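# Tertiary structure, described
Chain by chain, the residues:
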Amino acid sequence: MSISQNIARKFYRWTAIFILFFSSTGIHAQDIYWVFFTDKANTEFDPYRYFDPKAIERRAQLGLSLYDSTDFPLNATYVDQVSRLSEEVIGHTRWFNGMAVSTYQITEIQKLPFVKSVVFIQSEGELAACHPEDVFFATQSEEEPALVLPQVARMGGEAFVAAGIDGKGRRIAILDGGFPNADKHDALRHVFDNHQVIKTYNFPARKENVYGWNSHGTMVFSCIAGIEYDRKMGMATGAEFLLARTEIGMEPRKEEVWWMMGMEWADQNGADIISSSLGYGKDRYKPTQMDGTSLVARAANMAAAKGILVCNSAGNEGGDKSWRTIITPADADSVLTVGGINSDGTPSNFTSIGPSSDGRLKPNVAAYGTVTAANPSSTHAFSTVSGTSFSCPLTAGFAACAWQLNPNLTNMELMREIERSGDMYPYFDYTYGYGVPQASYFIDKKKESKSPIAIITRKELTQDYAIEIPEDKAVGGFLFYEAMDQDDRILFYGMEEITPDHRSVEMTNPAGRYATGSKIRCLYHGAVTEQACVPPTGSHIAHLRSSCTYYHTPATDKVSSRGVCGKWNLAPYLTWGFIIPQHGNHMEIKGGPSESFNFGLRFKGNIAQWYSLGGSVEIGASWFRFNKRAVANKADGYYLSPVCIGIDDMPFQLRKDKVRTSVINLEFYQRFRLMAGGLFHYGLFIDTGIYGGLIFSNRYKGKILFLEDDGARDKRQRGIYSRAINNADRFQWGVRLRLGFDIVAIYAQYRFNDITHPAQLPNAEVGVQLTMPIGK
């Protein structure tokens with residue numbers, strides 16, 4: 001055995017041993033925890049040094065103490081002792097008296113007398129946006145330019161422009177993943193020319209520069225304050241801004257910490273409004289937990305208690321049937337939660353629907369979910385982008401203008417007024433909330449009251465209900481309707497497009513399914529009609545006869561089988577591998593053409609949201625193609641084809657020599673999930689496992705050239721040969737390692753046992769795997 005061969009063999013062996021050790025011990029990167037303290041003893045606090053003057057002004061307006069203990073710093077001794085037992089300090093929270101650390105020694109930390117509790121962090125936030133649909137460059141129109149873009153016009157933004165209202169005097173904090181080229185882009189040039197960005201901070205990098213990284217933040221910023229060729233993209237072009245980078249993507253478990261630190265930083269620096277296009281959903285929580293009790297929801301409520309209006313995206317889970325609610329912190333009761341709609345008035349197909357899991361109205365309002373936004377790829381570029389990430393900042397900019405007009409309102413009073421300004425108010429449902437806020441409500445200081453238009457009737461024979469629009473009132477648009485119980489909780493709701501030829505919606509009696517006191521309510525062109533349901537006789541079951549109906553089912557913990565919160569996951573897969581050449585006693589193969597293909601079915605059971613166990617069964621084949629081999633003869637054990645019969649002793653040379661092995665394998669593996677993401681929510685993961693199988697078929701063949709006694713080729717004699725596999729080589733076993741993102745992975749495997757045909761076949765293989773998820 002050569003030195004190089006010996007080194008290579010030992011490398012493969014030790015790699016396999018390391019993988020098995022890794023698998024058996026469960027070693028992985030140190031965990032991240034919140035460590036909460038019992039008190040803030042022996043701390044000093046000077047609010048006039050800590051707070052920006054606007055933060056002090058806000059507290060004075062609300063009558064809040066400047067010496068609230070939630071604003072006091074952490075005990076330095078506590079912080080120092082925990083830091084000594086930690087590999088990294090991620091951040092701190094004054095509001096909840098704790099610190100986030102990365103540590104292997106959490107047991108020792110828990111024993112410290114001043115530690116109240118520890119909480120494992122498994123947060124994986126998602127920016128609530130989709131990818132840009134197109135990119136274009138703004139040009140000056142030859143026609144009379146509009147004052148605002150359609151996304152602002154839908155909110156009546158022209159009224160604010162005409163009144164000279166642009167959010168001046170209000171300070172908005174934006175928490176996002178970065179703001180590349182925001183300081184150079186044409187859409188935001190006026191903000192920087194007028195020095196309206198007051199402060200910036202990059203929490204992951206721990207520095208002030210935020211003008212890089214994720215383009216999402218620049219797009220969001222432009223939906224609050226952007227201008228495209230004198231047309232407003234957002235309404236708060238005159239507001240002040242605080243820009244915080246809290247998202248990074250590669251460290252998802254730390255993002256919750258940075259987001260909470262961003263909230264406290266925004267409060268400290270005088271924010272009136274926080275715009276957060278971020279949410280945490282299925283990657284950490286269950287649907288029943290969307291009740292406003294998560295740590296980030298409590299932080300949002302804390303900010304609201306300190307006088308800040310918090311605007312948050314409802315989320316983009318509308319297409320996920322297993323997640324029939326919003327995300328957190330949009331579930332917090334003091335957060336203005338914003339859903340998304342299309343330009344034709346229909347709900348965006350991605351917008352998360354309410355209510356919260358404890359039955360509260362969410363979202364509160366809605367705005368365009370597909371908008372024109374600044375594209376930071378060029379200082380002159382714009383894109384059409386989609387997501388509730390953009391309906392949220394549109395509403396935050398609207399709120400700044402409404403607050404400028406009504407400076408004496410508190411944040412919660414303003415939130416209620418924004419709800420009342422919705423174009424569907426007092427009607428609401430779990431997709432639109434109270435509808436799209438309207439600037440005219442704040443300009444005119446009143447809202448027109450309309451008489452009922454729709455006619456609700458009950459058919460005595462069938463006990464069905466029908467909602468009909470009179471012929472002279474059927475002028476197009478949508479009819480919104482819902483059935484509600486005696487506590488005004490929506491049981492089901494829907495919408496129907498009205499035309500002169502289609503003016504009604506028929507329902508089977510909702511009261512046949514729900515208790516006395518339920519009612520039907522509908523909205524058409526701003527006019528609300530309401531009627532109590534009559535309890536039916538007989539056994540009628542309620543169904544809604546409509547093509548666009550939403551049934552509210554209370555949140556349960558049933559989640560997608562393919563999602564990371566699912567209890568199990570079943571998926572077929574394909575692999576394409578390449579055999580790695582080895583030297584010495586191994587047959588010398590051609591590296592490129594030597595390959596394998598496998599088809600299998602993989603089962604994965606989630607033990608925790610970051611850890612899974614699973615198994616798979618697969619069938620496939622490997623092709624080993626060899627270099628030209630030495631002279632041989634029949635006595636070596638080769639079985640010659642009929643054309644070669646009678647030539648027993650003549651030596652021959654092997655040509656196009658190859659082996660094909662067909663196998664059935666079983667694999668048992670564990671998966672460590674490193675971060676969320678991907679179309680099918682598998683995220684970034686590492687698998688380690690062992691496999692074993694049966695080689696049930698093989699073909700070992702090639703072409704031969706017979707040689708004369710003197711070594712010259714006999715061109716008249718050609719044939720093929722084959723050779724049987726040894727019985728001892730019927731079984732194989734080894735280890736595998738996979739690194740993947742979503743449905744694509746690269747893998748490496750090493751077979752421990754040797755297979756001889758007639759010399760030893762190579763043991764190592766690398767390749768790619770494509771998973772095809774099934775189930776929802």
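Residues numbered from 1 in each chain as written. Predicted model: local features only at pLDDT ≥ 70, side-chain atom pairs only at ≥ 80, totals over all residues. Heavy atoms only, no water.

This paragraph deals with the overall build of the chain. If you tally the helices and strands in the chain, you get 14 helices and 38 strands. In the chain, buried positions account for 56% of the 776 residues. Across the chain, the fraction of contacts at a sequence separation of at least 24, relative to all contacts at a separation of at least 6, is 75%. Split by element, the accessible area of the chain, about 32,900 Å² in all, is 55% carbon and sulfur. (Helix = DSSP H or I, 4+ residues; strand = E, 2+ residues; numbered from the N terminus. Buried < 20%, exposed > 50% of the residue type's maximum accessible area, 1.4 Å probe, protein only. Contact = heavy atoms within 4.5 Å. Areas by Shrake-Rupley, 256 points an atom, 1.4 Å probe, with all protein chains shown as cover.)

Glancing now at unusual backbone geometry. Of the consecutive residues Thr-328 and Pro-329, the connecting peptide bond is found in the cis state with omega at 15 degrees. Mapped onto the secondary structure, Pro-329 falls in the loop between β14 (309–313) and β15 (335–341). Cis geometry marks the peptide bond from Gly-354 to Pro-355, where omega comes out at 0 degrees. Its place among the elements puts Pro-355 in the loop between β15 and β16 (365–368). Of note in the backbone geometry, Arg-206 takes a positive phi value of approximately 55 degrees without being a glycine. Of note, Arg-206 is situated in the loop between β8 (197–202) and α9 (216–225). Even without being a glycine, Tyr-229 presents a positive backbone phi close to 50 degrees. Looking at the secondary structure, you find Tyr-229 in the loop between β9 (227–228) and β10 (231–232). A relative accessible area of 41% places Tyr-229 in the partly exposed class.

Pairing within the open sheet is antiparallel, and its four strands lie in the order β2-β3-β1-β4. Among the strands making up the open sheet, the edge pair consists of β2 (88–93) and β4 (115–120). When the angles between neighbouring strand axes are averaged without regard to direction, this sheet yields 25 degrees. Sheet topology places β2 next to strand β3 (residues 98–103); five bridges connect them, and they run antiparallel. If you follow His-92 over to β3, its bridge partner there is Met-99. (Pairing = 2+ DSSP bridges. Axes fitted to C-alpha atoms, helices over the stretch in contact; angles between N-to-C directions.)

Strand order in the open sheet formed by seven strands is β8-β11-β7-β12-β14-β15-β16, and the pairing between neighbours is parallel. Of all strands in the sheet, those bounded by a partner on one side alone are β8 and β16. When the angles between neighbouring strand axes are averaged without regard to direction, this sheet yields 20 degrees. Note: β15 against β16, four bridges, orientation parallel.

Moving on: the nonpolar core. Within the largest apolar cluster, 62 residues are counted, with the highest numbers of intra-cluster contacts made by Phe-221, Phe-241 and Leu-309. Counting residues per element, this core draws most heavily on helix α12 (residues 388–405), at ten residues. Aside from chain neighbours lying at most four places away, what touches Phe-221 is Ile-174, Phe-179, Ala-182, Leu-188, Val-191, Phe-192, Val-197, Gly-226, Phe-241 and Leu-243. Listed in part, the 40 residues of the second largest apolar core include Ile-90, Met-260, Val-296 and Val-335. (Core = buried A, V, L, I, M, F, W, Y, C linked by side-chain atoms within 4.5 Å.)

What follows covers empty space enclosed by the protein. Overall, the coordinates contain five cavities of 30 Å³ or more when judged by the stated rule. Looking at the largest cavity, it is lined by 20 residues, and the ones nearest its centre are Ser-622, Gln-732, Gln-749, Arg-751 and Glu-765. Counting residues per element, the ones that place at least two in the lining of the largest cavity are β29 (595–608), β30 (611–625), β33 (652–675), β36 (731–741), β37 (744–751) and β38 (764–771). Class assignment of the residues belonging to the lining of the largest cavity gives a composition of eight nonpolar, eight polar and four charged. (1 Å grid on protein atoms, 1.4 Å probe; cavity = no way out; pocket = protein on both sides within 12 Å on 5 of 7 lines; lining within 4 Å. Points joined across faces, edges and corners; volume = space filled by probe spheres on them. Nonpolar A, V, L, I, M, F, W, Y, C, P; charged D, E, K, R; others polar.)

Before going further, it helps to spend a moment on the packing of α12 against helix α13 (residues 411–420). Relative orientation of the contacting elements α12 and α13 amounts to 110 degrees, with a least axis distance of 11 Å. With respect to α13, the element α12 is oriented roughly perpendicular. Helix-helix and strand crossings are classified by hand; for α12 and α13 the assignment is right-handed. Listed contacts from α13 to Phe-398, Ala-399, Ala-402 and Trp-403 of α12 are Asn-411, Leu-414 and Ile-418. (Parallel < 35°, antiparallel > 145°, perpendicular 65-115°, else oblique. Left-handed = near helix turned anticlockwise from the far one by under 90°.)

All chains considered together, the criterion is met by 31 salt bridges. Its salt-bridge partner being Lys-306, residue Asp-71 comes within 3.3 Å of it at the nearest N-O pair. In this pair, Asp-71 is assigned in the loop between α3 (53–62) and α4 (76–84) and Lys-306 in the loop between α11 (295–305) and β14, connecting sequence segments 235 residues apart. Residue Asp-71 is classed as buried on the basis of its relative accessible area, which comes to 2%. Its salt-bridge partner being Glu-530, residue Lys-519 comes within 3.3 Å of it at the nearest N-O pair. Of this pair, Lys-519 sits in strand β24 (residues 519–524) while Glu-530 sits in strand β25 (residues 527–532), and the two are eleven residues apart along the sequence. For Lys-519, a relative accessible area of 16% puts it in the buried group. Since its relative accessible area comes to 46%, Glu-530 is described here as partly exposed. The structure contains a network of salt bridges with shared partners spanning Arg-602, Glu-618, Glu-667, Arg-671, Asp-687, Arg-736 and Arg-738. (Salt bridge = Lys/Arg side-chain N within 4 Å of Asp/Glu carboxyl O.)

A few words now on the confidence of the model for the chain. On average, the chain scores 81 in pLDDT, and the residues at 70 or more come to 75%. Note that pLDDT drops below 50 for residues 711–721; the model gives that stretch 43 contacts with residues more than four away or on any other chain. (pLDDT = per-residue confidence, 0-100.)

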